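Per-entry structural report
So the chains spell out like this:
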Amino acid sequence: MDPLAYAPEFVVLAAALLVFLADVLGVRRLEAFGGIATGASAVAFALVLADLGTPVLSGLSTLPAGVLDAPLGPGITSFTSLGLVFQAIFLLAAFFVSLASLSRPSAEAGSAVFFGLLLLATLGMLLVALSADLIFLLLAIELASISTYLMVGYSRKEARHLEAAMKFYIIGALSTALSFFGASLLFGAYGGTSFYGLGPAATPIGYPTLALVGYALLIAGLGFKVTAVPFHAWAVDVYDGAPTDVSAFLAGGTKKMGIFAFFLVFLAPLLILGHTPALGPRGFASALQLTLGIAAVLTMTVGNLLALLQKEMKRLLAYSSISQAGYMLIGVAVASGPAVAGATFQVLAHVFMKTGAFLVVAAVASLGVGPLIEDWRGLGPRRPYLSLSFALMLLSLAGVPLTIGFVSKFVLFSSAVQAKGPFVWLAVAGLLNSALSVFYYARILKTIYLDPPAPTDAPAAVPAPAAGIGWGRGAAILLITVGIVALGIYPGPVLSGIQAAASQFVFVGG
Amino acid sequence: MSGFDVAFGWAWLIPTLTAVAFVIVGVGGRRMARLEWGGWVAVAFSFAAMVVGILVAIGEMLAPGSYTDSSVTWISIPGSPGTFPNGVQLDIGILVDPISALMLLVVTVVGFLVLLYSIEYMHHDSGLARYYAELSLFLTAMTGLVLSDNLLEFFLFWELVGVCSYFLIGFYYEKPSAASAAKEAFLVTRVGDVLFLLGIFIYFAVYATSGSAPGWAAGGFKFTNGSAPFLAGAMGGNTPLLTVAGLMMLGGAAGKSAQFPLHVWLPDAMEGPTTVSALIHAATMVAAGVYLLAVVSLFLGFTPTDQLAIVAVGGFTTFFAATMAVVNPDIKRVIAYSTISQLGYMVFAVGAGFTMVGLYHLFTHAFFKALLFLAAGSVIHAVGTQDLFKMGGLRKTMPLTAAAFAIGALSLSGFPGSSGFFSKDDILGSVYATLGTHPQYWPFFLLALLTVFLTAYYIFRAWFLAFGGDGPRDATLPHAHEPGWTMRLPLVVLSALAIGAGALVFDPAFASLLPGIGVPPTFRGADLALSAVSVGLVACGFGLAYSFWGGGRVFELSESTWAARVRALLLHRYYFKAGYDWIGLRATYTVARAADFVERYVIDGTVRGFERLFAGLSDGLRRVQTGVVSDYAAYVVGGLVGFLLLLVFLAPWLLQTVGGG
Amino acid sequence: MSAFSPAGLLALSGALLSIGLFGILTRRNFILLLISIEIAINAAVLNFVYFAAFAGATGGLTGQAIAVVVIGLAATEVAVGLAIVLALNRLRGSINVAEAATLKF
Amino acid sequence: MILEELAFLAIAVVAVVTALLALLTRELVHTIIWIALFFVDLSALYFLLQAPFLGVLQLGVYAGAVTILLLFGVMVTRKRIFSREAATGIGPGPIVLAGLTLTFLALGSEELPQNGVVVHAYDPTLLSQTLFNADGPWLLLLGLVMLSALAGAIYLVREGRE
């Protein structure tokens, strides 16, 4: 394969190495590292968009002809449109986070490590999107995981951060063990680890029960990444304990990688076994779909219920992030082209909404506001633009029209209704959960806009009007807000691009 | 015809104009809170919207039954053979048809008058920019809802209406009661909204996936394909799923239109300014639920089971709310309960299959109810209290308001010749005519008939208490006076409409806005006798009210001794006709108390119960998050075991039993 | 050339996985947790090696290659885990994971 | 073939016992000894399965490097080398796990060939060729993982200047 095809990955890798090199050479400027990371993710983003055939950028494309969406072979990597869409989404998250992180205190230690690991984690995510092989996928996930464990704990002076890193690490390592065990069983059942081998080439499964057990183990192992209930418990503590910028990256970035991993691992067996009875028991696919559907409903419901009474802002966002993962899993369970597109669009929406929300939390914290939702009282009048952005993000999370969140939920739920097969219950569960979620989002909005500010130390809480949130963070939040509204009003081209990619993907997979 | 064709093309201007007002007032208003230009901007834009609305309605009259749909595709998912046969399409569009033209007329006229009235009424309040902005946005939402060309767009505006209402009820958010009323309205209507949304998706699942979707474009949420003539009619499939969908729609309508048992929020919603009560919680927003039922019955159709359920809910609510109005001492709450009761009539009519008759009542009710509220607002503005028992004798100091209230009361009670008379009698007469084929409607019909009497009684009780007598019972009340012209003008206009709007339907051109209603409306066959009965009931209600409360009397149900009761009985027996004796009244009181009990403990209890259930679940689950990582690992392993069992044993078993896959 | 009954090997790897999970669930010392995870991963490696051995011509090589990579990965993970342990120990003076539970509910 | 069956049985028993002892012993240093034995035992199993390359790798990486790493960890985090593991309640975990194992065994072994699967031996040269050619990306990726771990871990354990 032409190495140029991997240009975006090389850009990110080179940037990571450059950051480490600069650190070793004694550069101590956060702006330099941050600039490299921001620039590299922007360049890689442009390259990926070019590979996807975006008209303006098409000249930049380095992908050889005929590679994109080529029929799946026994190789280790492959270029699918959907994978590239996911790459673009990952790079977007990396771009927002590194842009916002430019506003971290510049005297802070370890900024080189922070940005270097951010880039390596991004690289891992990019490689996940290119995987055509289960082992390669798991290794790429591992690259992203190990980088993020260390990112969570990188401040090394804060017990909270290290505690979060410790929990993240233990549950992550446990999931790694489970995933590899599952992969070993699949290897035993199919005689290979390529998705091609798990898919069309998989002539009658040798040992169906072995495969089923393997898939169950993979649900657990990958469920950790997407924070599917009950593999979610780490997420809340980690999002809460991690530096907020890192939480933004975890919620906005690495979790999405898990969704794409779900697509890769589960779509092939669902589609192949589901529609060609000759290749295996139909019951296998149905059982898998039912199980994934139950996981989806469980995840969204538990996440929402837990968010309902939560008093801390970051933990509430973490729970809402869990419930959003439940919506995405609907797309995996339904496994039709439009459902996959819906889940993908939901992933894109979630990058905007959740990354944005965490970045706003970081910005607000830098203004001296405490961690509880109550501490946000009266923020609306005092910080109108920041509050408006946050309000839009919450409305989008709740699925209010004219925001990106509405579009994604509409596409997802309606595709669950329309798809062949009994999936209406998934849409109904999703609708009910969305209705439930409105209550806690509305509660936050009410706190911000209607409740009077805390009387005691209101002047002290806001040190000085001049103490801004930093231009990097401000720019990232502004871009995200614009994206939420723009894609909410006019989703057309992006949505149809994702739909085309998803139907290609489902076609290639099947 | 010619010129008015253009009017259809202008219909989009109506929500746009008020939206522009919202932006101007909302963005710029804060800096000029002192000056009242924000209010005048809102008034000017709503006036323009009203002019366009009237033009659209006239255009519709000149081209009876015409149906103009213009839309753009917002979200589209192409179908594919195999896994996804039909695709999904969501349009945003404007649909002008007779009933939406009628609704536009109602919303824009009442909206303009209420905004004009607000200029003086809200003069002393702070936060006026917020008020006018929200009211303008409300008008946008309501007209957008009326003009929606598909059910999902309808739902979007419906939600926007709900949000505006939430903010307006909580306008005095420093007041705890207002904040809690807003919260209650939010919670209760939310229940209805969820049902509504589920209903939409069930219809979508039934019709749009089957490909055969009369009145519902395949793969989309559109009311028609655009080529189907208006009133292609309900195609009345009758499957259990459709019945469920219809019941969900009823649930949605019950939430918005405050029908039993989701009515609890409306009386409490009177915590907002009176103008808000007039516009939102009487004349327009609550009518959205009825309009929804009308739209569904016209385009999708209800199954017979649904119809019975709707008739039952409507008929029962009519009576139930009226009994609550009978004893309430708060002038605004009396009117609020009367709103619920009148909405019950409309739901009742739509359920029985007389959609147009229900809309006819909606039309007349909007004017006399707005009138009643604005007159009440005028009183409250003048005396500063809402307690009927503190008022009295106001007809001397506020003759115009007294007259306006009296006109509203006459129309509400269905005094012959008033607009309420035509529409209410049309409802009763129409349903009466179907009783032969639908005997199951009988009990609800009787309740609705009985309510005629109660309505006349409670509204004139309110009038006598407020305006009758020699002077205020509470001497501390400020000296009342008539308001200025911006408040008087709306009262006069609405009085004229309250009297005359009902007769409009005798004009065939206007009647084309209510296709199929027939001209003249109330004289169909054998229901002259029924009209007589109903007029008699009105007279009895009026008489009873006069005998108890007329001329400054205050009738008190003495709880102390039998002797006192007998004395009261004897004292008043002289006045009323045989058959309406004290026991009848006593029964009404008992029912009212029971209704109050049901409302306070059963329904509120249920709402709280749900709140507590979710809170409890949430709290219980929360404790699982112990912070100890070993526990989290245990969840992972437990989840693994669970999914393993599910995948290997349970799921195949489930699939075999349920027969999926 | 030799022959094996697969049931025995699967039983062994299953037992090792279970022992690993048991350790993760019940031990509180971070280093013991690391060891438990290693045991669980070794169970997976064992599977790969075993399935490689009877999988036939090319698949077998793949299985062994995977085993090599997974062994390397597991060692890397231990290193990262130890780094976190040391940092945590420096800050708290304890590596009992149950004591690090300030983030909860 | 009875000899190999017996050898396998012995190795399996030793593996289970050493793994359990490593987790159950109260002296942390004993834990390290047991786990080292466990690794060595598994390496023997790999030789038995005709995978000598992996056997050597197992000895080098696990029995050598990882064990030393763990010992180092124990030494740094404890004042005394011989210290006790904090006692914990065991809870319902083992029952669940036993159930899991049983289920898994019952399901997995039924459909596998019951006896006499021929085990192939592979030339280490071929293995290294596939590792660096066809399966090259895995190794590449492993290298990246190690880079990330190295950078982060070094930073994390370094005594801060500030």
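Report follows, based on the coordinates. (Residues numbered from 1 in each chain as written. Chains lettered and ligands numbered in written order. Predicted model: local features only at pLDDT ≥ 70, side-chain atom pairs only at ≥ 80, totals over all residues. Heavy atoms only, no water.)

Some remarks on the overall build of chain C
A count of helices and strands for chain C gives 3 helices and 1 strand. Counting from the amino terminus, chain C carries its helices and strands in the arrangement β-α-α-α. Counting only residues that meet the buried cut, chain C has 82% of its 105 residues in that class. Within chain C, counting contacts between residues at least 6 apart in sequence, those at least 24 apart form 58% of the total. When the accessible surface of chain C is summed, it comes to about 1,900 Å², and 60% of that surface belongs to carbon and sulfur atoms. (Helix = DSSP H or I, 4+ residues; strand = E, 2+ residues; numbered from the N terminus. Buried < 20%, exposed > 50% of the residue type's maximum accessible area, 1.4 Å probe, protein only. Contact = heavy atoms within 4.5 Å. Areas by Shrake-Rupley, 256 points an atom, 1.4 Å probe, with all protein chains shown as cover.)

A few points about the environment of Val535 of chain B
Residues and elements named next belong to chain B. Within the secondary structure, Val535 sits in helix α21 (residues 528-549). Judged by its relative accessible area of 27%, Val535 falls in the partly exposed class. Counting along the chain gives 98 residues from Val535 to Ala633, while the straight-line C-alpha distance between them is 75 Å. Contacts of Val535, omitting those with residues within four sequence positions, involve Pro416 and Phe421.

Brief notes about the interface of chain B and chain A
Counting residues at the interface gives 57 residues for chain B and 69 residues for chain A. Across the chain B/chain A interface, buried area totals approximately 5,500 Å², and carbon plus sulfur atoms make up 81% of it. Considering only the side of chain B, the residues that lose the most area to chain A are Trp74, Phe643 and Leu647 of chain B, jointly responsible for 14% of the buried surface there. Inspection of the region where chain B meets chain A yields 0 salt bridges. Of all the secondary structure elements, the ones that give two or more residues to the side of chain B that touches chain A are β1 (68-77), β2 (88-96), α6 (151-169), α7 (176-208), α23 (582-623) and α24 (629-658) of chain B. Take the side of chain B that touches chain A: its biggest share by element is 16 residues, from α24 of chain B. Its residues placed into classes, the side of chain B that touches chain A shows 42 nonpolar, 12 polar and 3 charged. (Buried area = accessible area lost by both parts, 1.4 Å probe. Salt bridge = Lys/Arg side-chain N within 4 Å of Asp/Glu carboxyl O. Nonpolar A, V, L, I, M, F, W, Y, C, P; charged D, E, K, R; others polar.)

Digging into the pairing of β2 of chain B
Residue and element names in this part refer to chain B. Along β2, 7 of the 9 residues are buried, which leaves the element largely enclosed by surrounding structure. Sheet analysis places β1 next to β2, joined by 9 bridges and oriented antiparallel. From the neighbouring strand, Ser76 faces β2, where its bridge partner is Gln89. (Pairing = 2+ DSSP bridges.)

Examining helix α2 (residues 30-54) of chain C
Residue and element names in this part refer to chain C. Between its terminal C-alpha atoms α2 stretches 37 Å, which fits the 36 Å expected from 25 residues at 1.5 Å a residue. With 25 of 25 residues buried, α2 lies mostly within the body of the structure. Sitting at the amino-terminal end of α2 is Asn29, which places a side-chain oxygen 2.8 Å from the backbone nitrogen of Ile31. (Expected span 1.5 Å × (residues − 1). Polar contact = N/O pair within 3.5 Å; in protein donor to acceptor, adjacent residues only side chain to side chain.)

A word on the packing of aromatic side chains
Each aromatic ring pair is described using two quantities: the centre-to-centre distance and the angle formed by the ring planes. The full count for this structure, using the stated rule, is 50 aromatic pairs over all chains. Look at Phe155 of chain B and Phe196 of chain B: their rings are 5.3 Å apart centre to centre, the planes differ by 75°, and that puts the pair in the edge-to-face class. A residue pair is termed long-range when its members are at least 10 positions apart, and Phe155 of chain B in helix α6 and Phe196 of chain B in helix α7 qualify at 41 residues. For the pair Phe155 of chain B and Phe196 of chain B, a shared accessibility class is recorded, and that class is buried. What links up through ring pairs into an aromatic cluster is the set Tyr149, Phe168, Tyr169, Phe224, Trp234, Tyr239 and Phe358 of chain A together with Phe30 of chain C. (Phe/Tyr/Trp six-rings, centres within 6.5 Å; stacked < 30°, edge-to-face > 60°.)

Points about the packing of helix α4 (residues 98-121) of chain B against helix α19 (residues 485-500) of chain B
Residue and element names in this part refer to chain B. Where α4 meets α19, the axes come as close as 7 Å, and the angle between the chain directions of the two elements is 150°. Between α4 and α19, the crossing angle belongs to the class labelled roughly antiparallel. By crossing handedness, the relation of α4 to α19 is classed as left-handed. Every residue of α19 that contacts α4 at Val109, Leu113, Leu116, Tyr117, Ile119, Glu120 and Tyr121 is listed here: Trp485, Thr486, Met487, Leu489, Pro490, Val493, Leu494 and Leu497. Tallied by class, residues from the contact of α4 with α19 come to 13 nonpolar, 1 polar and 1 charged. (Axes fitted to C-alpha atoms, helices over the stretch in contact; angles between N-to-C directions. Parallel < 35°, antiparallel > 145°, perpendicular 65-115°, else oblique. Left-handed = near helix turned anticlockwise from the far one by under 90°.)

Examining the environment of Gly59 of chain B
Residues and elements named next belong to chain B. With respect to the secondary-structure elements, Gly59 resides in helix α3 (residues 37-62). Its relative accessible area of 3% is what places Gly59 among the buried residues. A sequence separation of 42 residues divides Gly59 from Ala101, and the C-alpha atoms of the two residues are 9.0 Å apart.

Functional significance is not addressed by these values, which are geometric in nature.
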